[in-house]
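Tertiary structure, described
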Number of protein chains: 2
Amino acid sequence: MAVRIGLVGTGTVGGGCIDIIQKHRDDFKRHYGIDIELARVCSRNPEQAAAHGVEGLFTGDFRDIVNDPDIDLVIELIGGTTTAREVVLESLAAGKAVVTANKALMATHGKEVMDAAEAAGRELAFEASVGGGIPIIDPLKHSLIANEVLSVMGIVNGTTNYMLTRMAEDNMSYDEALAEAQEAGFAEANPSADVDGFDAAAKIAILASIAFNSRVTMDDVYTRGITNITPVDLEAAADMGYAVKLLAIAHRTPGGIDVRVHPTMLPADHQMAKVNGVFNAIYVIGDAVGETMFFGEGAGAGPAASAVMGDVLEVARHLSQGVPPLVGCTCTDELPILPIEELSMKYYIRFSVADRLGVLATMAEVFARHNVSVHSMVQRGKGETGAVDVIYVTHQAKERDVRSAIDEIKAEDDLLYAEPSLIRVEE
Amino acid sequence: MAVRIGLVGTGTVGGGCIDIIQKHRDDFKRHYGIDIELARVCSRNPEQAAAHGVEGLFTGDFRDIVNDPDIDLVIELIGGTTTAREVVLESLAAGKAVVTANKALMATHGKEVMDAAEAAGRELAFEASVGGGIPIIDPLKHSLIANEVLSVMGIVNGTTNYMLTRMAEDNMSYDEALAEAQEAGFAEANPSADVDGFDAAAKIAILASIAFNSRVTMDDVYTRGITNITPVDLEAAADMGYAVKLLAIAHRTPGGIDVRVHPTMLPADHQMAKVNGVFNAIYVIGDAVGETMFFGEGAGAGPAASAVMGDVLEVARHLSQGVPPLVGCTCTDELPILPIEELSMKYYIRFSVADRLGVLATMAEVFARHNVSVHSMVQRGKGETGAVDVIYVTHQAKERDVRSAIDEIKAEDDLLYAEPSLIRVEE
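All of the points below concern the structure found in this document. Note that the structure is predicted; figures quoted are calculated from it, not measured. (Residues numbered from 1 in each chain as written. Chains lettered and ligands numbered in written order. Predicted model: local features only at pLDDT ≥ 70, side-chain atom pairs only at ≥ 80, totals over all residues. Heavy atoms only, no water.)

Attention shifts here to the overall build of chain A. A count of helices and strands for chain A gives 14 helices and 17 strands. The C-alpha extent of chain A, read off along each of the three principal axes, is 80 × 45 × 35 Å. Within the span of chain A, comprising 427 residues, buried residues form 57% of the whole. In chain A, 72% of the contacts between residues at least 6 apart in sequence involve partners at least 24 apart. Total accessible area on chain A is roughly 16,000 Å²; 48% of this is exposed by carbon and sulfur atoms. Looking at charge distribution, chain A has the averaged site of its 34 positive side-chain charges lying 2 Å from that of its 62 negative ones. (Helix = DSSP H or I, 4+ residues; strand = E, 2+ residues; numbered from the N terminus. Buried < 20%, exposed > 50% of the residue type's maximum accessible area, 1.4 Å probe, protein only. Contact = heavy atoms within 4.5 Å. Areas by Shrake-Rupley, 256 points an atom, 1.4 Å probe, with all protein chains shown as cover. Lys, Arg positive; Asp, Glu negative; His and termini not counted. Charge placed at Lys NZ, Arg CZ, Asp CG, Glu CD.)

Put into structure tokens, the structure is as follows:
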């Protein structure tokens, strides 16, 4: 008997899911013995359902799906943490399995919904919440579990990776790159979730929770976006042999979890430095497997629907064979989150300064006094208004000390012409 | 109660598995509720068992494991298709689940052992047979199943990728690169399985079988190695914007499966062109997911043991929860294998010719008569003996026609100074 599916949300990804079911239902039966049937479709836009030829399954009220005893599995694709949370919790409570692509929900209410799934004895799968079509949650929950994961790092936001690629390769300004991304449909009219790093923060919270077996929420993630990055920085980084990426980073350290999102300089020959445009990649380092990377399209109807429907088929396989949930919440440890101020790393800092004698001496003295050891200093061509860019790359230094030094330099009278640019370096 | 494991084979990978069990057994229990116990270890070398402190579990006869009713799961790591086949078939017949890293076995006797597993009602897992630690079989059998897979391409042999990288980047000869790889332990004393492409052929047979739901065996794979590749070819390819990789390729085409292993020119900006050294990568193109790549270490104790133990933990999870095998053989279709002579692609062909008038006219005439359209022709510096390298890149041409043209040129009196070099181009 077919596993009956209720779909909530018929936007880009939901439409992609309908397409896959219509195209491949017979293949799934023949290849895997898994039969799925789209039973009901809920949306605010009946015309979206009609566009995919499923207007006969349409309802405007998600409770028509939750309350339908014949529906076995609910796909939640409306996003956000309000109605989506109700859809997920009420579906589980009604005894249905749930597949969701909702990163915000998993990164903020992850424990609540995982607990609800466990209480209901139902599966909750969310591969599509990170990395679009790239299999990453499933490998972390299955293939790689023999490892103690040491690091997970990702280019997990296609919009900002596209913008940084255009800025680096075509010398575009931030504003030009953003306008182009919006034009191409890669960026929203309000781009904050992407450019301020919040989207990436949600995703690394989810990945870190699984990788380190310890709950990490979005609030735990130190988050900075790309709004202050200029072509000057990208050019200077390239000259030094680095690429700049908005990296979502999670390291296991002896003291706890180091988890953050910020523009990051990566050596140009690092595999992730070569991931350009809207592509995503997640880098996983395990104590046995060593370095691995998962690369692919991080957004779009096809890729996201591939991940959602992969989950749907897996859950449907279990339902039709009477197999109970095999993997629930794996956050069995409670590792502390390290405050960024306590971390040590290398820094790229660009100051736009007055081009006059004594400036370098002043800054050198401030760095020294704050225990920030300078690895290299280079001046680059004069900007407007006669200012000159002075770029420092530090040795390993403490974030707290670097910030104190920068604050003190900023406080000097008539020294800086603009807000300093700070990019952390990951080797 | 712990799932009891019998390990057959205590070489590099087997040793890595013992290390993982000893290091992380408690973590597996705490994180996943999976308890595994190493119950018996079989090897030809008792000292290998002793080196890992498990001499108390040692036996020299694998039937001590097969016949032990308390052993639930057998890990086969001896390789080859003779004793290994007996270990796998007898273990399954005795009601044990089996995890193997044996690519040769799966690529030649895949149907037999999958059928045996099905008949026995036991799981047979083989993630480590392809790509070392890189999760690829599991993603193809789970996360990506909503896709019709269009192509699977891989750099799946680390030895040859290391050699080609050294030849390209450091202008080494084939012999120098091989000697260095042997010195570093990447290549065997008899390197044929690697350099002649047989290792890669076994792996693409396995991947193609899963990706296309149709059995492909090693004999189906057209296989050429890297023994004829010279630094001249790598330099010429680089100048044209290509990298040369030993690629294992499988395409789904309307007429059937195109599956082969040979040196391949890839555009330098292709994500796989940037995979260097001993690293492996598998590129999967699906109709929904688009382009994805799985990258990592293709060999070595840690990576291979990561894959083996990932399978072991997954199977142990099922055994301890009383879950029957969920995914067996998925080769439900019977797609024909296309003979390479019928395929059309682009070709790089280098002739070492006598530097005299009329040579180019002769060759141009032969190409034209065989319907091979030339995209570009370039001469490169004189070789020894006054010969000159003439390099052609063709437009899309039929393999059969290209071979006829080359054979005819080879048959010309006093024209060629050496065997022509042929590299297929993948865009």
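Next comes the rest of the write-up.
It is worth spelling out the sheet that holds strand 5 (residues 97-100) of chain A at this point. Residue and element names in this part refer to chain A. With respect to topology, 6 strands assemble into an open sheet ordered 3-2-1-4-5-6, the strand pairing being parallel. Two strands lie at the open edges of the sheet, namely strand 3 (58-59) and strand 6 (124-125), each paired on one side alone. Where strand 5 and strand 6 come together, 2 bridges link them in parallel fashion. Among the inter-strand pairings, Val98 is bridged to a residue of strand 6, identified as Leu124. Each of strand 1 (3-8), strand 2 (36-42), strand 4 (73-76), strand 5 and strand 6 is contacted by helix 12 (residues 301-320), which is oriented at about 165° to strand 4, the strand it contacts most. (Pairing = 2+ DSSP bridges. Axes fitted to C-alpha atoms, helices over the stretch in contact; angles between N-to-C directions.)

Let us now look at the sheet that holds strand 1 (residues 3-8) of chain B. Residues and elements named next belong to chain B. Within the open sheet, the 6 strands sit side by side as 3-2-1-4-5-6. Their pairing is parallel. Looking at strand neighbours, the two that pair on one side only are strand 3 (58-59) and strand 6 (124-125), the edges of this open sheet. Each of strand 1, strand 4 (73-76), strand 5 (97-100) and strand 6 touches helix 4 (residues 83-93); the most contacted strand, strand 4, lies at about 170° to it. Against the sheet, helix 12 (residues 301-320) touches strand 1, strand 2 (36-42), strand 4, strand 5 and strand 6, its axis set at about 165° to strand 4.

This paragraph deals with unusual backbone geometry. Residue and element names in this part refer to chain A. Positioned with a positive phi, Asn213 is a non-glycine residue whose angle comes to about 55°. Tracing the sequence through the fold places Asn213 in the loop between helix 10 (198-212) and strand 8 (222-223). Of the residues examined, Asn213 reaches a relative accessible area of 3% and is grouped as buried.

Taken as a whole and judged by the stated rule, the model has 59 salt bridges over all chains. Residue Arg380 of chain B pairs with Asp239 of chain B through a salt bridge whose shortest N-O separation is 2.9 Å. With a gap of 141 residues between them, Arg380 of chain B in strand 14 (residues 374-382) and Asp239 of chain B in helix 11 (residues 231-239) connect regions that are remote in the sequence. With relative accessibility at 56%, the residue Asp239 of chain B sits in the exposed group. Through salt bridges with shared partners, a single ionic network connects Glu341, Glu399, Arg403 and Arg424 of chain A. (Salt bridge = Lys/Arg side-chain N within 4 Å of Asp/Glu carboxyl O.)

Each pair of aromatic rings is reported with the distance of its centres and the angle of its planes. A complete count under the given rule lists 11 aromatic pairs over all chains for this structure. Measuring from ring centre to ring centre gives 5.9 Å for Phe351 of chain B and Tyr392 of chain B, while their planes differ by 75°; the resulting arrangement is edge-to-face. Of the two residues, Phe351 of chain B is situated in strand 13 (residues 344-354) and Tyr392 of chain B in strand 15 (residues 387-394); the sequence distance between them amounts to 41 residues. Residue Phe351 of chain B is classed as buried on the basis of its relative accessible area of 0%. Among the aromatic residues, those joined into a cluster by ring pairs are Phe351, Phe367 and Tyr392 of chain A. (Phe/Tyr/Trp six-rings, centres within 6.5 Å; stacked < 30°, edge-to-face > 60°.)

Function-wise, these values are silent; they only describe arrangement.
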